[in-house]
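Letter by letter, the chains look like this.
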Amino acid sequence: MNDLYQHQQNFLKLNPAKSALIHSPGTGKTRTAIEWTKLSPEPALFIVPKSLVYNWEKELKLWGGSGTVISKEQFRKNYKLLGWERQVVVDECAIGFLTPHFGSQMSRALRWYIKWHCVSRLLLLTATPYSNPWNIFTMATLLGHKWDYMRFKLAFFNEVRIGHRIIPVVKKGIEKRLADAARKIVDVVDINDVIDVPPQIHESPEWFHLNKEQEKAVVAY
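Residues numbered from 1 in each chain as written. Predicted model: local features only at pLDDT ≥ 70, side-chain atom pairs only at ≥ 80, totals over all residues. Heavy atoms only, no water.

**Considering the overall build of the protein**
Logical step 1: Counting its regular elements, the protein contains 9 helices and 8 strands.
Logical step 2: Approximately 12,100 Å² of the protein is accessible, and the part contributed by carbon and sulfur atoms is 53%. (Helix = DSSP H or I, 4+ residues; strand = E, 2+ residues; numbered from the N terminus. Areas by Shrake-Rupley, 256 points an atom, 1.4 Å probe, with all protein chains shown as cover.)

**Overview of the pattern of salt bridges**
Logical step 1: Inspection of every chain in the model, using the stated rule, returns 6 salt bridges.
Logical step 2: With a closest N to O distance of 2.9 Å, K176 and D180 form a salt bridge. Of this pair, K176 and D180 both sit in helix 8 (residues 175–183), 4 residues apart, which is roughly one turn of the helix.
Logical step 3: It is possible to trace a salt-bridge network through shared partners that takes in D3, R31, E35 and K38. (Salt bridge = Lys/Arg side-chain N within 4 Å of Asp/Glu carboxyl O.)

**Overview of the confidence of the model for the protein**
Logical step 1: Of all residues in the protein, 84% attain a pLDDT of 70 or more, and the chain-wide mean is 87.
Logical step 2: Across the protein, element-level confidence peaks in strand 4 (residues 87–90) with a mean pLDDT of 98 and bottoms out in helix 9 (residues 212–220) with 51.
Logical step 3: The model gives residues 200–208 a pLDDT under 50, and that stretch makes 32 contacts with residues more than four places away or in other chains.
Logical step 4: Scored below 50 in pLDDT, residues 217–221 shows 16 contacts in the model against residues more than four places distant or in partner chains. (pLDDT = per-residue confidence, 0-100. Contact = heavy atoms within 4.5 Å.)

**A word on unusual backbone geometry**
Logical step 1: Phi is positive for N15, which is not a glycine, with a value near 45 degrees.
Logical step 2: According to the relative accessible area criterion, N15 is partly exposed, its value standing at 26%.
Logical step 3: A positive phi angle, close to 50 degrees, is found at C118, a residue other than glycine.
Logical step 4: Inspection of the secondary structure assignment puts C118 in the loop between helix 5 (105–116) and strand 5 (121–126).
Logical step 5: Residue classification places C118 among the partly exposed positions, given a relative accessible area of 45%. (Buried < 20%, exposed > 50% of the residue type's maximum accessible area, 1.4 Å probe, protein only.)

**So, a nonpolar patch on the surface**
Logical step 1: On the surface, Y149, M150 and L154 cluster together to form a nonpolar patch covering roughly 310 Å² of accessible area.
Logical step 2: By the element assignment, M150 lies in helix 7 (residues 149–156).
Logical step 3: In this structure M150 comes out as partly exposed when scored by relative accessible area, which is 45%. (Patch = residues over 30% accessible without salt bridge, like charges linked within 9 Å, V, L, I, M, F, W, Y side chains within 5 Å.)

**Looking at the nonpolar core**
Logical step 1: Membership of the largest hydrophobic core comes to 37 residues, with the highest contact counts inside it found for I47, F75, V88, V90, L110, L124 and M139.
Logical step 2: Of all the elements in the fold, those that place two or more residues in this core are strand 1 (18–23), strand 2 (44–48), strand 4, helix 5, strand 5, helix 6 (133–142), helix 7 and helix 8.
Logical step 3: Broken down by element, this core gets its largest block of residues, 6 residues, from helix 6.
Logical step 4: Beyond its immediate stretch of four places on either side in the chain, F75 contacts L45, I47, I70, L82, F97, M106, A109, L110 and Y113.
Logical step 5: Ranked by size, the runner-up nonpolar core spans 17 residues in total, among them L4, F11, A44 and F46. (Core = buried A, V, L, I, M, F, W, Y, C linked by side-chain atoms within 4.5 Å.)

**Some remarks on the sheet that holds strand 8 (residues 187–189)**
Think of a sheet as strands paired side by side through backbone hydrogen bonds, with each pair either parallel or antiparallel.
Logical step 1: In spatial order, the strands read 3-2-4-5-1-8; together these 6 strands make up an open sheet with parallel pairing. Looking at the sheet topology across the chains shown, the edges are occupied by strand 3 (68–71) and strand 8. Recorded for the sheet is a direction-independent mean angle of 15 degrees between the axes of neighbouring strands.
Logical step 2: In the sheet, strand 1 pairs with strand 5 via 5 bridges, with the strands oriented parallel. Its bridge partner lying in strand 5, K18 is registered against L122.
Logical step 3: In this fold helix 2 (residues 29–37) packs onto strand 1, strand 2, strand 4 and strand 5, with an angle of close to 175 degrees to the strand it touches most, strand 5.
Logical step 4: Across the sheet, helix 3 (residues 53–62) is in contact with strand 2, strand 3, strand 4 and strand 5; its angle to strand 3 comes to roughly 165 degrees. (Pairing = 2+ DSSP bridges. Axes fitted to C-alpha atoms, helices over the stretch in contact; angles between N-to-C directions.)

**Overview of the environment of R183**
Logical step 1: Looking at the secondary structure, you find R183 in helix 8.
Logical step 2: Overall, the relative accessible area of 43% leaves R183 in the partly exposed class.
Logical step 3: It is 9.6 Å that separates the C-alpha atoms of R183 and A20, two residues lying 163 residues apart in sequence.

What follows is the structure, given as structure tokens:
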């Protein structure tokens, strides 16, 4: 594995049982994930966007990895029928899997699969995680962290009364604090900070808010 970049080697040396790669495009998330699964003899399941199934299968062969590659749509429909895989890699997890309070079928399916099959190793991949605190809370829950719900809510939300309802509203200026909280449970790599990776035309990891239309689309996913 001498051909791996230093940040990839650093992560693989740690070999966490459950984590997330919040890495810029062009930093080799796919290769890192494949090498991570090779560190355990357990069978692996790769849940990826439909358009990337073939690419993942090709990369697995190229780097000597093994496992079952299925699309997110296949996983959502057949998660209770899938085999007993103890390692799970989820690519582009920010779309469909990190919805607040497990509000999407996709996120509920992953939570069920992890619990039912006693998944011992989980790796989530994304370059653009949401900045909505509840998305990060969902990620932490999937990774097995038992964050205190009320403490988290008080730290990142203000309660605003609208009529007879009390609505939690994200506090202003909490982006850095939220990113710091996420860094405690995930591996973050900005391509601008890794000197051994060739220059890319891609954007760096970005923490962003969804508009109302996007939030509805994710929940319906």
